[in-house]
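Chain by chain, the residues:
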Amino acid sequence: MTRSRVLLGLFALAATVDLLGLAVGSDTGHTVAKPLLMPLLAAWAASRGAPRLLVAALVCGWGGDTLLLLDADPAFLAGMASFAAGHVCYLALFARIGRPHARGALLAPYYATALIATVALLWPDLPADLRLPVAVYSTLLTAMAYFAATRLGAVAGAGGALFLLSDTLIATGVADWPQPPRPDLWIMLTYLAAQVLLVLGATSGRHPAVDPRLDPGPLASGHRASTVDPQP
């Protein structure tokens, strides 16, 4: 069994423990498994020749995951900042490995409308000290989702859309809106699917090779995007 398959198996195991824990209301399973998820996914991505910016985005996701386990307002803001840094990494990555597509002009109004409507609707119900941070974060998140769809394609685009859905569920919870049963389960399910799809979309082998002078990461040592094995 290859190292990549072992890492993927460990990630799947941690994800299963986390989601089952949330499904049955076990805080222990979630607390133990959640901090393992992004490091394992990042290690799997690196084993497939992922560029450093992709690994950095996942590491930022790990920081956000860990901080959000703490039940305190400063930790929530710090976690949001960590995820925001991850979106910046994703945006820089998409700019390097993606290509502009004509669908960008068609999709832009939809993403812009979703952003404006979400922030406008949530704004009155958010705590005053979170309104501006949530608006800034939402703008970065929407930009990431938009460029995932318009530069990388359908797989990454689906990942970006699920990330939007996951974080919107978090924001509606903060705003005290009605929630579905087991909201944390749906938040984690959509979040994990989002990160996996973003990794697959960025390492699918359908993107131009990254210039090693710009990214001296694993791609520079011979694992170029055009030759990455799409199988785990």
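One can find the structure itself at the top, above this paragraph.
This write-up is about the structure you can find in this document. These numbers were taken from a predicted model, which means no experiment stands behind them. (Residues numbered from 1 in each chain as written. Predicted model: local features only at pLDDT ≥ 70, side-chain atom pairs only at ≥ 80, totals over all residues. Heavy atoms only, no water.)

With respect to the layout of surface pockets
Of the volumes computed, that of the largest pocket is approximately 790 Å³. As for the largest pocket, its lining consists of 33 residues, and the residues nearest its centre are His30, Lys34, Leu68, Asp184 and Ile187. For the lining of the largest pocket, the secondary structure elements donating two or more residues are helix H1 (3–24), helix H2 (27–47), helix H3 (52–68), helix H4 (73–97), helix H7 (154–174) and helix H8 (183–202). Ranked by the residues each element gives to the lining of the largest pocket, the list is headed by H7, at 7 residues. Here the second largest pocket is characterised by a volume of approximately 400 Å³. (1 Å grid on protein atoms, 1.4 Å probe; cavity = no way out; pocket = protein on both sides within 12 Å on 5 of 7 lines; lining within 4 Å. Points joined across faces, edges and corners; volume = space filled by probe spheres on them. Helix = DSSP H or I, 4+ residues; strand = E, 2+ residues; numbered from the N terminus.)

Looking at the environment of Pro39
Summarising the element assignment, Pro39 is placed in helix H2. Relative accessible area serves as the criterion here: at 37%, Pro39 is assigned to the partly exposed category. In this structure, the C-alpha to C-alpha distance between Pro39 and Val55, residues 16 residues apart in sequence, is 8.9 Å. (Buried < 20%, exposed > 50% of the residue type's maximum accessible area, 1.4 Å probe, protein only.)

Here we look at the packing of aromatic side chains
Within the structure shown, the criterion is met by 6 aromatic pairs. Geometrically, the ring pair formed by Phe83 and Phe163 is edge-to-face, given 6.4 Å between the ring centres and 80 degrees between the ring planes. Taken together, the residues Phe83 in helix H4 and Phe163 in helix H7 connect sequence positions 80 residues apart. For the pair Phe83 and Phe163, one class covers both residues: buried. Between Tyr111 and Tyr146, the ring centres sit 5.6 Å apart and the planes meet at 75 degrees, which makes this aromatic pair edge-to-face. (Phe/Tyr/Trp six-rings, centres within 6.5 Å; stacked < 30°, edge-to-face > 60°.)

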